[in-house]
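Structure at a glance
The lines below spell out each chain.
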Amino acid sequence: MEKIILGIDPGTNVMGYGLLQVGDRKPQLMAMGVLKMKAVESHYLRLRRIYERVCQIITEFHPDELSIESPYMGINPQTMVKLCRGQGAAICAAVEHDLPVFEYPPATIKMAIVGNGNAAKEQVRAMLQRTLKIDERDMVEQLDASDALAAALCHFYKTSSPLAAATGGGTNNWKQFLANNQGRVHKNVNPLEVKK
């Protein structure tokens, strides 16, 4: 199934975005970039810029889904509030355009891309470049852009796995998988008694 996934790394100083086109179950880079807002003094005007830019990206590329990085705990509360507002502005733009929204914590995204939830942003960028076979000239210098692309690729991985297909979504929910596949579940089977 062909689709386009928009990934966003929310921020109120710099917002990263990345788009993947998926065809024949293979993702490839469509576009990536950043929205810089340091020159905009008002926090509220930055939120408007985020909303408007995400609307522009949606209108230009027609993505089917939004994958967005959720703010992580452990930062100071004022920064957390600003990040949440920025994320909310991006989500509002997606909802306005009837895009389904999927949210992933940073550690989940890093684990999906690198195999290590504590990986450095530079490691994520390098793995994306290798996995998606992106030429260095097409990579954006700011790590916010590669973080956004990582969110999109993470969503692709989560929704294209056999478990996701069986449960109807991008969740690693074994309980739901078992409920939906009762005919495939063998209860009280001794593995030593199973015939080969």
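Remember, it's a predicted structure, so these values are computed and weren't measured experimentally.

As for the overall build of the protein
- Scanning the protein for helices and strands turns up 7 helices and 5 strands.
- Ordered by position from the N terminus, the helices and strands of the protein form the series β-β-β-α-β-α-β-α-α-α-α-α.
- Counting only residues that meet the buried cut, the protein has 44% of its 196 residues in that class.
- For the protein, the proportion of contacts with a sequence separation of at least 24, taken over those separated by at least 6, is 58%.
- Taken as a whole, the protein presents about 11,400 Å² of accessible surface, with 51% of it coming from carbon and sulfur.

A few points about the nonpolar core
- If you look at the biggest cluster of nonpolar residues, it comprises 23 residues, and the most contacted ones within it are Leu6, Ile8, Met15, Leu19, Ile50 and Val54.
- Going through the elements one at a time, strand E1 (3-9), strand E2 (14-23), strand E3 (26-36), helix H1 (43-61), strand E4 (65-69) and helix H2 (77-96) are the ones with two or more residues in this core.
- Top contributing element to this core by residue count: H1, with 7 residues.
- Judged by nonpolar contacts, the second largest core, of 21 residues, contains Val22, Tyr104, Ile113 and Leu132.

Section: the environment of Leu99
- Relative to the helices and strands, Leu99 resides in the loop between H2 and strand E5 (101-104).
- The sequence separation of Leu99 and Ser67 amounts to 32 residues, and the corresponding C-alpha distance is 10.0 Å.
- Among all residues touching Leu99, those that are not within four sequence positions of it are Ile58, Pro63, Asp64, Glu65, Leu66 and Ala94.

Observations regarding the side chain of Arg46
- Along the chain, Arg46 falls in helix H1.
- Buried Arg46, no salt bridge; nearest opposite-charge side chain is Glu41, N-O distance 8.3 Å.
- Among residues more than four places away in sequence, those in contact with Arg46 are Thr12, Asn13, Met37, Lys38 and Val40.

A short note on helix H3 (residues 106-114)
- For H3, every residue scored as buried is listed here: Pro106, Ile109 and Ile113. What you see down the axis of H3 is that its buried residues fit within an arc of 65°, all on one side.
- Residues of H3 that are buried in the fold lie against E4, E5, helix H4 (121-131) and helix H5 (143-160).
- Just beyond H3, the residue with positive phi is Gly115, at close to 90°.

Structural notes on the pairing of E2
- Counting buried positions along E2 gives 8 out of 10 residues, so the element sits mostly inside the fold.
- Sheet topology places E1 next to E2; 7 bridges connect them, and they run antiparallel. Along E2, the bridge assignment pairs Ile4 with Gln21.
- Hairpin remark: E1 followed by E2, antiparallel, with 4 residues in the connecting loop.
- In the sheet, E2 pairs with E3 via 10 bridges, with the strands oriented antiparallel. What sits directly across from Gln21, in E3, is Gln28.

Overview of the packing of H3 against H5
- Contact geometry of H3 with H5 gives a least axis separation of 9 Å together with a crossing angle of 75°. It follows from the interaxial angle that H3 and H5 lie roughly perpendicular. The segment H3 lies against H5, with Thr108, Ile109, Ala112 and Ile113 engaging Ala150, Ala151, Leu153, Cys154, Tyr157 and Lys158.
- A per-class count over the contact of H3 with H5 returns 8 nonpolar, 1 polar and 1 charged.

Here we look at the packing of H4 against H5
- Look at H4 against H5: their axes get within 9 Å of each other, and the N-to-C directions meet at 60°. It follows from the interaxial angle that H4 and H5 lie oblique. Where H4 crosses over H5, the handedness of that crossing is left-handed. Taking contact as the criterion, the partners of Lys121, Glu122, Val124, Arg125, Leu128 and Thr131 in H4 are, on H5, Leu143, Ser146, Asp147, Leu149, Ala150, Leu153 and Tyr157.
- Along the lines of polarity and charge, the residues of the contact of H4 with H5 split into 7 nonpolar, 2 polar and 4 charged.

Procedures and definitions
- Residues numbered from 1 in each chain as written.
- Predicted model: local features only at pLDDT ≥ 70, side-chain atom pairs only at ≥ 80, totals over all residues.
- Heavy atoms only, no water.
- Helix = DSSP H or I, 4+ residues; strand = E, 2+ residues; numbered from the N terminus.
- Buried < 20%, exposed > 50% of the residue type's maximum accessible area, 1.4 Å probe, protein only.
- Contact = heavy atoms within 4.5 Å.
- Areas by Shrake-Rupley, 256 points an atom, 1.4 Å probe, with all protein chains shown as cover.
- Core = buried A, V, L, I, M, F, W, Y, C linked by side-chain atoms within 4.5 Å.
- Lys, Arg positive; Asp, Glu negative; His and termini not counted.
- Salt bridge = Lys/Arg side-chain N within 4 Å of Asp/Glu carboxyl O.
- Arc of directions from axis to C-beta.
- Pairing = 2+ DSSP bridges.
- Axes fitted to C-alpha atoms, helices over the stretch in contact; angles between N-to-C directions.
- Parallel < 35°, antiparallel > 145°, perpendicular 65-115°, else oblique.
- Nonpolar A, V, L, I, M, F, W, Y, C, P; charged D, E, K, R; others polar.
- Left-handed = near helix turned anticlockwise from the far one by under 90°.

All we've got here are geometric facts, nothing functional implied.
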